[in-house]
Amino acid sequence: MPQLQEMMTIVSQREVAKQIFELILTGEMVAELDLPGQFLHLTVPNSAMLLRRPISISSWDKAAQTCTLLYRVGDETTGTYALSRLTAGAVVDVLGPLGNGFPVDEVKAGEEILIIGGGIGVPPLYELAKQLEATGCQMTVLLGFASADVKILEAEFSALKNLKLKIATDDGSYGTQGHVGLLMDELTVTADAVYTCGAPAMLKAVARKYDALERLYISMESRMACGVGACYACVEHDKENENHALKVCEDGPVFRGKQLFL
Ligand SMILES: Cc1cc2nc3c(=O)[nH]c(=O)nc-3n(C[C@H](O)[C@H](O)[C@H](O)COP(=O)(O)OP(=O)(O)OC[C@H]3O[C@@H](n4cnc5c(N)ncnc54)[C@H](O)[C@@H]3O)c2cc1C
Ligand code: FES
């Protein structure tokens, strides 16, 4: 897949939940987007901040030539804050699409698919669910958030067919009170494949529960510099080969469960 660097144009940017911004970009890169779970590497509008920010692609619309990202903004000293100040018409220097995404081709009609997301790990799972909708599988989507005011994409997931959505919040301000692991423990379906993205503790709980499943796909986060596999800033131990390091930016961000020590 070609990787491009492009000055993409902002179509819109708005705060959709507390300190979480939805950024819609347009550019030729949209034509190259393929698997859900890939990310873009964005330059922030502050010349003192040299490192790009990796942000997952939440969804895209090839006909409209747009893609949508959802990202959490830090305090005023952060690059994401500077990015969030940009408005429609501004341009952003983008490298992408990067990394290996979630495989979707192998999913067949009638299969039970479990999708588990937490916090700002939820956005890439939306394009995944959109693509899986077309396969005729049955999806159960479990999403966990700290509280109701940082809940994102509920309406978008709910609008998809063959999908059961359950939401938990840590403080009980929406849905089930507790973390997403509680929803996982209540499940009665046997999953043919599990896809997950979220905080390390959540990934660990999912990996522990589904460690015997061949089709367990885990999207990882890491501090990144180059974003293209050259600098080794983002390595993880390879569980299948102790003499080998996995690069989150290039070999991931999506890995099979048995590749990772969690
Ligand atoms: C593959 C991937 C996909 C991601 N997708 C999303 C997403 O869809 N939405 C979202 O809100 N966040 C996502 N993140 C996390 C996001 O990259 C960081 O929150 C962001 O880089 C923090 O930048 P900052 O300007 O707010 O912080 P600063 O403190 O200004 O950042 C300083 C440096 O640390 C790095 N850094 C800080 N926190 C993180 C982190 N958690 N992960 C990686 N690098 C970090 C920054 O990139 C920057 O280089 C993703 C990370 C990865 C690796
Ligand atoms: S960020 Fe440079 S190798 Fe992954």
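Residues numbered from 1 in each chain as written. Chains lettered and ligands numbered in written order. Predicted model: local features only at pLDDT ≥ 70, side-chain atom pairs only at ≥ 80, totals over all residues. Heavy atoms only, no water.

Colleague: What should I look at first to understand the packing of aromatic side chains in this one?
Modeller: Under the defined criterion, the tally for this structure stands at four aromatic pairs. An angle of 75° between the planes, with centres 5.6 Å apart, marks the rings of Phe102 and Tyr195 as edge-to-face. Placement of Phe102 in the loop between strand S7 (91-98) and strand S8 (112-118) and of Tyr195 in strand S12 (residues 193-197) is noted, with a sequence separation of 93 residues between them. Aromatic pair Tyr126 and Phe157: ring centres 5.5 Å apart, planes at 70°, arrangement edge-to-face. Of this pair, Tyr126 sits in helix H2 (residues 123-133) while Phe157 sits in helix H3 (residues 154-158); the two residues are 31 residues apart in sequence, bridging distant segments of the chain. (Phe/Tyr/Trp six-rings, centres within 6.5 Å; stacked < 30°, edge-to-face > 60°. Helix = DSSP H or I, 4+ residues; strand = E, 2+ residues; numbered from the N terminus.)

Colleague: What am I meant to see in the sheet that holds strand S3 (residues 39-42) here?
Modeller: The pairing of strands in a sheet happens through backbone hydrogen bonds and is either parallel or antiparallel. The seven strands are arranged S4-S3-S7-S1-S2-S6-S5 in an open sheet whose pairing can be described as antiparallel. One side of each edge strand has no neighbouring strand; the edge strands of this open sheet are strand S4 (53-56) and strand S5 (59-61). Here the average twist between neighbouring strands, direction ignored, is 35°. Bridge analysis of strand S2 (residues 20-26) against strand S6 (residues 66-72) gives seven bridges, and the strand direction is antiparallel. Residue pairing for S6: Ile24 is matched across the bridge by Thr68. Those strands touched by H2 are S4, S5 and S6, and its axis lies near 55° from that of S5. (Pairing = 2+ DSSP bridges. Axes fitted to C-alpha atoms, helices over the stretch in contact; angles between N-to-C directions. Contact = heavy atoms within 4.5 Å.)

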